[in-house]
Amino acid sequence: DVSSYNGTVNWKKVKDQKINHAMLKIGSGINKNKKGSKDSKFSTNFRNAGYAAIHRGVYYYSYARTIDDAKKEAKHCISLLKEQGITSKDLDLPVAFDIEEAVFQTGRKNVTAITTTFCDALKEAGYEPMVYSGAAALRSSFEYRKIRPYKIWVAHYTKANRPAVPFR
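Now for a quick tour of the structure. Treat the numbers as computed from the prediction; the structure is a model and nothing was measured.

### Some details on the overall build of the chain
Thinking step 1. Within the chain, the regular secondary structure consists of 6 helices and 6 strands.
Thinking step 2. Along the chain, helices (α) and strands (β) appear in the sequence α-β-β-α-β-α-β-α-β-α-α-β when read from the amino end.
Thinking step 3. Radius of gyration (C-alpha) of the chain: 16 Å, near the 15 Å computed for a compact globule of 168 residues.
Thinking step 4. Buried residues in the chain amount to 43% of all 168 residues.
Thinking step 5. Contacts in the chain between residues at least 24 apart in sequence constitute 69% of all its contacts with a sequence separation of at least 6.

See the structure below:
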């Protein structure tokens, strides 16, 4: 995954390393303390990754703590995509909802409702949604049967061959 935190990316070098897929941060979310934002490098990364023939997807970092926040974030994400002129046909990979951090303290039912609200709005707008989170959070903070219809991207920061995601 790539965002403004990575600085200026030389996408030709990325491609030369036989990396063929990239998830690009389009923006960050909204809650009572945060106003939605666009990632400052998104336009450049989207364009240049495309020039390098890298398959592109998008992710949106969430600060939602309520269903209302998730609705606002989905609307914001869709507006950023449209502002860039990006349709579902322009994406090789889904639009991922990156949900992490303090929201997990609000309970599985709420976390799941936030996630499905965002994903349903993206799907309704014609984009393929995906859920992104860490393996431990996916095991303990979601009602898996309710997020199962979406593709799931698992953060995996161990030396194990694959993430441990025995959902319940």
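Past the structure itself, the notes keep going.
### Structural notes on the side chain of T115
Thinking step 1. Looking at the secondary structure, you find T115 in helix α4 (residues 108–124).
Thinking step 2. For T115, a relative accessible area of 0% puts it in the buried group.
Thinking step 3. Apart from the residues within four sequence positions on either side, T115 is in contact with F97, I99, V131, F142 and I147.

### Some details on the packing of aromatic side chains
Thinking step 1. Counted according to the given criterion, the structure contains 7 aromatic pairs.
Thinking step 2. Ring geometry for F97 versus F118: centroids 4.2 Å apart, planes at 20°, classification stacked. Highlighted residues: F97 in strand β4 (residues 95–98) and F118 in helix α4, separated in sequence by 21 residues.
Thinking step 3. Residue class for F118 comes out buried when judged on its relative accessible area of 0%.
Thinking step 4. Of the aromatic side chains, those joined through ring pairs into one cluster are Y59, Y132 and W153.
Thinking step 5. Seen from the ring of F46, R56 lies directly overhead, with NZ or CZ sitting 3.9 Å from the centre.

### A closer look at the nonpolar core
Thinking step 1. Membership of the largest hydrophobic core comes to 39 residues, with the highest contact counts inside it found for W11, I26, C77, L81, V95 and L122.
Thinking step 2. Elements with a contribution of two residues or more to this core: α1 (11–16), β1 (21–28), α2 (42–51), β3 (55–61), α3 (67–83), β4 and α4.
Thinking step 3. Sort the elements by how many residues they give to this core and α3 lands first, with 6 residues.
Thinking step 4. Among residues more than four places away in sequence, those in contact with V95 are V58, C77, L81, L122, Y127, E128, P129 and M130.

### Notes on the side chain of H76
Thinking step 1. One can find H76 in helix α3.
Thinking step 2. Residue H76 is classed as buried on the basis of its relative accessible area, which comes to 16%.
Thinking step 3. Here Y60 takes part through its side chain, which lies 2.6 Å from a polar atom of the side chain of H76.
Thinking step 4. When sequence neighbours within four positions are dropped, the list of residues in contact with H76 reads S28, I30, G36, S37 and Y60.

### Notes on the sheet that holds β4
Strand pairing in a sheet is mediated by backbone hydrogen bonds. Such pairs are either parallel or antiparallel.
Thinking step 1. Here 6 strands make up an open sheet; going across it, the order is β2-β1-β3-β4-β5-β6 and the pairing mixed. The sheet terminates laterally at β2 (37–38) and β6 (151–155), the two strands that pair on one side only.
Thinking step 2. Taken strand by strand, α4 contacts β3, β4 and β5 (129–134), and its axis lies near 150° from that of β5.

### Details of α4
For an α-helix the count is 3.6 residues per turn, leaving residues at separations of three or four pointing the same way.
Thinking step 1. The end-to-end C-alpha distance of α4 is 24 Å, a good match for the 24 Å that 17 residues give at a rise of 1.5 Å each.
Thinking step 2. Those residues of α4 not exposed but buried are V111, T112, I114, T115, T116, T117, F118, C119 and L122.
Thinking step 3. On the buried face of α4, the contacting elements are β3, α3, β4, β5 and α6 (144–147).

### Re unusual backbone geometry
Thinking step 1. In this model, K18 sits at a positive phi of 65°, which is unusual for a non-glycine residue.
Thinking step 2. Looking at the secondary structure, you find K18 in the loop between α1 and β1.
Thinking step 3. Its identity as a non-glycine residue notwithstanding, A53 has a phi of 60°, on the positive side.

Conventions we followed
Residues numbered from 1 in each chain as written. Predicted model: local features only at pLDDT ≥ 70, side-chain atom pairs only at ≥ 80, totals over all residues. Heavy atoms only, no water. Helix = DSSP H or I, 4+ residues; strand = E, 2+ residues; numbered from the N terminus. Rg over C-alpha atoms; globule rule 2.2 N^0.38 Å. Buried < 20%, exposed > 50% of the residue type's maximum accessible area, 1.4 Å probe, protein only. Contact = heavy atoms within 4.5 Å. Phe/Tyr/Trp six-rings, centres within 6.5 Å; stacked < 30°, edge-to-face > 60°. Lys NZ or Arg CZ within 6 Å of the ring centre and 35° of its normal. Core = buried A, V, L, I, M, F, W, Y, C linked by side-chain atoms within 4.5 Å. Polar contact = N/O pair within 3.5 Å; in protein donor to acceptor, adjacent residues only side chain to side chain. Pairing = 2+ DSSP bridges. Axes fitted to C-alpha atoms, helices over the stretch in contact; angles between N-to-C directions. Expected span 1.5 Å × (residues − 1).

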